Every structure is written in C-alpha cells, then in structure tokens.
Amino acid sequence: MHGNYKVASQVFDIPSSSKQRKLAILIGVLIISVSLVALPFGMTALPATETFLSAAIGWLIFGDMLTAFIIYSQYRASGLPALLVLSCTYLYSGLMTFLHILTFPDLFGGLGEMIGAGGQTAGWLWVFWHSGFSFGILLYAWVNRKWSKPLSSKEMIFNYGTAGITLTLLSVFAVFELTALGDRWLPDIIQENDYRKLNTSGIGPVLWILNFFALMAVWRRIKGWSMLHLWLAVAMLALLMDVTLTLFAGMRFTLGWYVAKINSVIASTVVICAVVNEVNRLFIRLSEQHRQLMESGLQLEHANEQLIRLTNLDGLTEIPNRRRFDEILAWEMVSPEERNTALSLLIIDIDCFKAYNDYYGHQGGDHVLKEIAWTIYGVAKQEQGFAARYGGEEFVVVLSGLETQETLEAAERLRQAIASLAVEHKRSKAEPYVTISIGGYRLAPFDPMEAEELIRRADRCLYRAKEEGRNRSVVEG
C-alpha cells in the first residue's frame, strides 16, 4: 500500500503481481467495452425481472458486508486509520443497498410502506448510496495520504473502530429517515419507473462527477501497484459505468439499467475476490513453508538421533561406549536408601589381545573386537543387563537383582559364549582360540558405595582371574 506503511504483514500491503495487473486491465477494458456497446441501446425496454434484481442486490449486500468485515479485520491488526475509513465505506454501501432493496416498489409487497418508505425513497436511497460510497472513497484517499501512521495502542484502535462503525450506522439511519420523508422534503426524481429528472435536475451529473473524482483519487494511489488499490480502481471504474448507464437509460428495467446492475455486481465483487485469492495464495505459501518446516524438523530430529548415537555408541563396535556406561552406572548408583536391588558389575578383558593384534594385524583385531562386542552385548541383553565397551579390549556388563552365585553364573555364560566362537588365536597363553577373563563384584541392596569403588573391586577380581591363568571368571560380593 502507501510507501509510509510499515506493516508489511497485511494482505493489502502486498504488491500486485504482473499477472494481476494484466487481469485488472482486461476486466477494465471489458467493463468499458460492454458499457459503451450497451450505451446506444440503453433506453431499450426489457421485461421486468424482479428475480434478477433480487439476486443482484443480494450479491451486492453480501459482497459489501464481507469486504467491510475483512478490511476491518485488517484495520484491527494494523491500526491504519485509512482501512477503518474504507471498511466503514463498504459497511455503508452494504446497509444502503439493503434499505434500497427493501423499499424498491412492488418487490416485497407493502414492506417499504411498513417501515415508512415513500414513493421516492428507493430512488433517493440509490443516489445517497452511490454518492456516499464515492465520498467514502475520497475520504479514504485523503486519510491514506495525510494519516499514514498506525494508531499507537490497541485501546485507541478499538475506540476509533467503535466510533467509525457507530458514525456509519447513524449516517445510514439519518439518510433513511431523510429519504423516507422524501415526498415532503426532497424533490421528486422518479415517476412510474422513469427517473430522467435525475439528469434535468442536475443531481445525476453531480453524482457522476463525484464518482469520477473518486475513481481518479484511487487511480492516483495506484502508483504503488498494491493489490488493494489495483482492484479498488477496477471497482470504481465499474461503479462509474453503473452510474453512467443508469443515468443514460433513464428508466428501470431497460437494457442500460440491467447492464448497470451487472456493473454494480462487478464493483462489489472484484475487491473481495482479489482478497480471497490473495489469502488463498498466502495460505498455500504458508502450507508449503509449514511442510518445509516439518521436513527440516524431521531432518533435525534425525541429525539429533545421529548425534546421540555418535555420542553414546562406540565408533568401532557400535555398542554403547564408556560415556554411556558412566551415565548408566551413575543412574544405577542412587543413594543406598533408595537402591533396593543388588547391583553387579562385570569387567571383561580379551586374553592376550596385544599378541593377537601383533600376529593377525589391526584389521584382524578390529574384526575380533566387533564380533566379541556383539556377542557380549547379546548375552547381556538376554540377562536383562547392559553392556558397553570400556576401552581398548575391555568391556563392562551391568546386571541387576542377582545374588553373587547368579552373577558368577552369568559371567560364565558370557565366557562360554566367547569361547564357542572358536576364533583362532595362535599367540594366546590360555587357549589356541580367543578367550576372555572376567572380574565381577556384587553390591548388596542398600549397601553404600561409590561408583569408583565398585569399578575398583571388579577390576581387582579381573586381575585375580588373569593371575589364575586367564579364561576364567572371578566374582566377589
């Protein structure tokens, strides 16, 4: 919208696209072309189709009221006074259209008379409807130029909005009361559906000039090519053609009169259609951004999982690492009064692994480490325990709820599982295949002990297992 506007998030602030401008020009050319073609035949009488009038006026009311609501919502969000003026202008037009159709002769029986309408009321309501709308557009253009800064507070926005709506309702009521007394206070402008007196009295030309100036005021604001001013200019062009054909036709239910009503529908429709289309485009764009955000979230989640995996898993064996073991042990080593189950720690060492590496090479050593790691991990899982690589050729297993003898039996199952792999080891001092030595310690329930002390005692048992000849398990506790 206006260059001074700082609220770029509003729908009406969005610059019009090249495609929109081309479409607006096409619609404007069609409006002018059809109107000019119909102009020479404007006074040709056609059948009085009241259903057409009802449908057209009904759409006018719907379009104007919906446009007023959407623009008012934009005013509440932005605090721009010009949008309040424009919203009230459309509200005025919608209400005046409603009163015009209620008082239209023979359309709703005697309803017009019941609310105080006279024979000239509908005609004068049409005059005040079109002149009031044009005046509102002129006021909008002036406020847009002179008062482009948003209101400073939500309270001020609310108060101005309430005042604007109240003033609009009072204006509509005052105009209706004035036109209802038209037989006494206003000159006759229509007789038997003939309203050529509008032209001879000078009211029609003044009305046309007012609409023309409103169109020019909007056209001057179109230099920024905002979506709002582009389609508001098209609406004002259609309204000007509506007034032109209506004044030229001179009578209701003529060709010019019908084409004029079509122009009225266009004037009431183009802005709301443009807004709905723009909102739809913004929704599609938002949906696409949401989809991209979801994809980014999934990628971030995957990256976090990978990071956690890299942080907690050993890079070679892909079982939990020393860091993860420290976390698990710290969690298990709660205060003695809370730990009501026994806790067993096994430290496992591959016998003569340095000799294995020297003889079979580091690639062979890595392969054995992986195979042993997954075997230990699998057996520990069957024992409802936790296994991790402690460092180098050492592994640890944490078991819960076992007696000392049960811990020893679990350690033996681990040792036998490795022996059953029958991995050749020609440089081993224990057996001609790869074996492990296991040292373990069982911590009784409620027994106070630091994690470092538990590791130290299990490691001492491992030392005993090696001293006693390797390929064996030693458990205390």
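Before any of the text, the structure's been laid out above.
Residues numbered from 1 in each chain as written. Predicted model: local features only at pLDDT ≥ 70, side-chain atom pairs only at ≥ 80, totals over all residues. Heavy atoms only, no water.

Caption draft 1: Structural detail: the overall build of the protein chain. Looking only at helices and strands, the protein chain has 15 helices and 5 strands in total. In terms of overall dimensions, the protein chain is more spread out than a globule: its C-alpha atoms have a radius of gyration of 44 Å, far above the 23 Å expected for 477 residues. Taken along its principal axes, the extent of the C-alpha atoms in the protein chain is 125 × 50 × 45 Å. Going through the 477 residues of the protein chain one by one, you find that 47% of them count as buried. Here the analysis covers contacts within the protein chain between residues at least 6 apart in sequence; of these, 77% occur between residues at least 24 apart. Across the protein chain, the centroid of the 42 positively charged side chains sits 11 Å from that of the 46 negatively charged ones. (Helix = DSSP H or I, 4+ residues; strand = E, 2+ residues; numbered from the N terminus. Rg over C-alpha atoms; globule rule 2.2 N^0.38 Å. Buried < 20%, exposed > 50% of the residue type's maximum accessible area, 1.4 Å probe, protein only. Contact = heavy atoms within 4.5 Å. Lys, Arg positive; Asp, Glu negative; His and termini not counted. Charge placed at Lys NZ, Arg CZ, Asp CG, Glu CD.)

Caption draft 2: Examining the pattern of salt bridges more closely. One pass over the full model with this rule turns up 16 salt bridges. The closest approach of N and O atoms between aspartate 349 and lysine 466, which form a salt bridge, is 3.1 Å. Taken together, the residues aspartate 349 in strand β1 (residues 343-350) and lysine 466 in helix α15 (residues 451-467) connect sequence positions 117 residues apart. With a relative accessible area of 6%, aspartate 349 lands in the buried category. Residue arginine 415 pairs with glutamate 412 through a salt bridge whose shortest N-O separation is 2.8 Å. Taken together, the residues arginine 415 and glutamate 412, both in helix α14 (residues 404-419) and 3 residues apart, mark about one turn of the helix. Connected through salt bridges with shared partners, the residues Glu288, Arg291 and Glu295 form a single ionic network. (Salt bridge = Lys/Arg side-chain N within 4 Å of Asp/Glu carboxyl O.)

Caption draft 3: Representation of the packing of aromatic side chains within the structure. Applying the stated criterion across every chain, the model contains 16 aromatic pairs. Ring centres of phenylalanine 253 and tyrosine 258 lie 6.2 Å apart, and the angle between their planes is 55 degrees; this geometry places the pair in the tilted category. The residues phenylalanine 253 and tyrosine 258 share a single accessibility class, namely buried. Look at tyrosine 356 and tyrosine 360: their rings are 4.3 Å apart centre to centre, the planes differ by 25 degrees, and that puts the pair in the stacked class. Linking tyrosine 356 with tyrosine 360, this pair stays in helix α13 (residues 353-382), spanning 4 residues, or about one helical turn. (Phe/Tyr/Trp six-rings, centres within 6.5 Å; stacked < 30°, edge-to-face > 60°.)

Purely geometric numbers; function is a separate question.
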